[in-house]
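Structural characterization, general
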Amino acid sequence: GPEASGLFTILLGAALSAAAAAGGILRLRKRADDPVPWMLGAAAAMHLLWGWHYERYWIPLLPLFLVCAARAFGRAAPAVLGLLLALQLLQVPRVLRGGPASAPELKDTYAWLREHHAEGDVLASALFVRDGWYAGMPSLPLAEAADSAALASLFRRWRIRYVLWENVDLGLSLDETSDLRSRLNGVGRLLEDRTRFTPVYSGRGMEAATVFEVAKP
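Since this is a predicted model, take the numbers as computed values, not measurements.

**Observations regarding the overall build of the chain**
- When you go through the chain residue by residue, the secondary structure sums to nine helices and five strands.
- Secondary structure elements of the chain occur, N-terminal to C-terminal, as α-α-α-α-α-α-β-α-β-α-β-α-β-β.
- In terms of C-alpha radius of gyration, the chain reaches 24 Å, well past the compact-globule figure of 17 Å for 217 residues.
- Expressed as lengths along the three principal axes of its C-alpha atoms, the size of the chain is roughly 75 × 40 × 25 Å.
- Across the 217 residues of the chain, 29% fall into the buried class.
- Considering only contacts within the chain whose residues lie at least 6 apart along the sequence, 57% involve residues at least 24 apart.
- As presented, the chain carries roughly 14100 Å² of accessible surface, and 63% of it is formed by carbon and sulfur atoms.
- On the chain, the mean spot of the 23 positive side-chain charges and the mean spot of the 21 negative ones are 7 Å from each other.

Encoded structure:
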């Protein structure tokens, strides 16, 4: 959220990173084959070269990070790390109040689906487990077909009434040239046939998603 990019947060992160680096060096001076600083340093190097940068990837490395930082803090480590824990606990009321991250990204789209589907209607989408859960509908994955007529016929056979389409982040380093992206784009092109797939809802604002209704035979 916005609070994660403030000046205080940046300075605190920089100070802790410097402490972890210094602590790692101290550990290596004592024992050259200490696995903790080597693993932390290798992970940092990997992230510098990797095209995807998400904070969640650092969560498994936090124990290594804190162990190295504690080495730099020396006897003050319990007090410093205790203070960091206290700062985290201060965030609990904000988390409980909720915020943008406490609701699904497509919350308005899901609300529309919950309101407009009838009993027995099935939803199809790329992330069908997530979408079906939030929309309150039975859900199935997207399918491939030779043409739009075959795709519509397949969806009708599976009792799929709505298709939720969005530009899904597949999390692939070579996304544009991947086979999965190519196949997904192929389904998207078939959905452009307005005689068989009618757009009935488009997400507003940041919700770049469209709901198509499968035409009846």
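**Focus on the sheet that holds strand β1 (residues 122-125)**
- The strand order across the open sheet built from five strands is β2-β1-β3-β5-β4, with neighbouring strands paired in mixed fashion. Single-partner strands in this sheet number two, and they are β2 (139-141) and β4 (197-202). The mean angle between the axes of side-by-side strands here comes to 30 degrees, regardless of whether they run parallel or antiparallel.

**Let's talk about the environment of Leu62**
- Inspection of the secondary structure puts Leu62 in helix α3 (residues 62-73).
- Judged by relative accessible area, Leu62 falls into the partly exposed class, the value being 42%.
- Separated by 22 residues in sequence, Leu62 and Leu40 place their C-alpha atoms 9.2 Å apart.

Analysis parameters
Residues numbered from 1 in each chain as written. Predicted model: local features only at pLDDT ≥ 70, side-chain atom pairs only at ≥ 80, totals over all residues. Heavy atoms only, no water. Helix = DSSP H or I, 4+ residues; strand = E, 2+ residues; numbered from the N terminus. Rg over C-alpha atoms; globule rule 2.2 N^0.38 Å. Buried < 20%, exposed > 50% of the residue type's maximum accessible area, 1.4 Å probe, protein only. Contact = heavy atoms within 4.5 Å. Areas by Shrake-Rupley, 256 points an atom, 1.4 Å probe, with all protein chains shown as cover. Lys, Arg positive; Asp, Glu negative; His and termini not counted. Charge placed at Lys NZ, Arg CZ, Asp CG, Glu CD. Pairing = 2+ DSSP bridges. Axes fitted to C-alpha atoms, helices over the stretch in contact; angles between N-to-C directions.

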